[in-house]
Amino acid sequence: MEGVTEFTEYISETVDVPSPFDLLEPPTSGGFLKLSKPCCYIFPGGRGDSALFAVNGFNILVDGGSERKSCFWKLVRHLDRIDSILLTHIGADNLPGINGLLQRKLAEQEEEQSQDSTNY
């Protein structure tokens, strides 16, 4: 196990991991979309298929594309929330986009918490 730890430390020194804020840019316009009518957005293959369904204010993202910079980010970043994520299978064709989205959302939460703690 010690060898694995040494290897990951060595690799982490040579690999520059982009910030989720650089990878997935924030919305340029103010406000969020609130999808009140049923709708479905399909994001085509080539980057991995994914879909966003909105029914009665419930938003579900299905799969996530194969690129770290998710092809659905331009729409998803304007949603007030994503209620659920459904993965149809585990694979390299649908996980990187979901991973990028979750990293961005976690980074946003951490930033909000640090701003809240400095405001007191």
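Residues numbered from 1 in each chain as written. Predicted model: local features only at pLDDT ≥ 70, side-chain atom pairs only at ≥ 80, totals over all residues. Heavy atoms only, no water.

Taking an unreviewed UniProt entry as the reference, the protein chain is identified by name as Microtubule-associated protein 1A/B/S-like MBL-like domain-containing protein belonging to Labrus bergylta.

Q: Please clarify how the pattern of salt bridges should be interpreted in this entry.
A: Opposite charge on two side chains permits pairing when their charged atoms draw close. For the structure on display, the rule yields two salt bridges. The shortest N-O distance in the salt bridge between Glu 108 and Arg 104 comes to 2.9 Å. In this pair, Glu 108 and Arg 104 are both assigned in helix 4 (residues 95-119), four residues apart and thus about one turn of the helix distant. As far as burial versus exposure is concerned, Glu 108 and Arg 104 are alike and both buried. (Salt bridge = Lys/Arg side-chain N within 4 Å of Asp/Glu carboxyl O. Helix = DSSP H or I, 4+ residues; strand = E, 2+ residues; numbered from the N terminus. Buried < 20%, exposed > 50% of the residue type's maximum accessible area, 1.4 Å probe, protein only.)

Q: Explain the nonpolar core here, please?
A: Nonpolar side chains tend toward joint burial in soluble globular proteins. Membership of the largest hydrophobic core is limited to ten residues, which are Phe 43, Leu 52, Leu 61, Phe 72, Trp 73, Leu 75, Val 76, Leu 79, Ile 98 and Leu 101. At the level of elements, helix 3 (73-76) and helix 4 are the ones that each hand at least two residues to this core. Counting residues per element, this core draws most heavily on helix 3, at three residues. Not counting the four nearest positions on each side in its chain, Ile 98 is found in contact with Leu 61, Asp 63, Gly 64, Phe 72, Ile 85 and Leu 87. (Core = buried A, V, L, I, M, F, W, Y, C linked by side-chain atoms within 4.5 Å. Contact = heavy atoms within 4.5 Å.)

Q: Can you help me understand a nonpolar patch on the surface in this one?
A: A cluster of nonpolar side chains, contributed by Ile 85, Leu 87, Ile 90 and Leu 102, occupies part of the molecular surface with about 340 Å² of accessible area. Using a relative accessible area of 41% as the deciding quantity, one classes Leu 102 as partly exposed. (Patch = residues over 30% accessible without salt bridge, like charges linked within 9 Å, V, L, I, M, F, W, Y side chains within 5 Å. Areas by Shrake-Rupley, 256 points an atom, 1.4 Å probe, with all protein chains shown as cover.)

Q: I would appreciate a short explanation of the side chain of Arg 104 in the present structure.
A: A residue is classified by how much of its surface remains accessible, and Arg 104, at 3% relative accessible area, is buried. Polar side-chain contacts of Arg 104 include one of 2.9 Å to the side chain of Glu 108. (Polar contact = N/O pair within 3.5 Å; in protein donor to acceptor, adjacent residues only side chain to side chain.)

Q: Looking at this structure, I do not really get the sheet that holds strand 2 (residues 50-55). What am I missing?
A: Either a parallel or an antiparallel arrangement is found when strands of a sheet pair, and the pairing is made through backbone hydrogen bonds. Taken in spatial order, the four strands line up as 1-2-3-4 in an open sheet, and their pairing is mixed. Looking at strand neighbours, the two that pair on one side only are strand 1 (39-43) and strand 4 (84-86), the edges of this open sheet. Taken pair by pair, the neighbouring strands of this sheet meet at an average axis angle of 15°, ignoring direction. Pairing analysis gives three bridges linking strand 3 (residues 58-62) to strand 4, with the strands arranged parallel. Counterpart to Val 62 in the pairing with strand 4 is Leu 86. (Pairing = 2+ DSSP bridges. Axes fitted to C-alpha atoms, helices over the stretch in contact; angles between N-to-C directions.)

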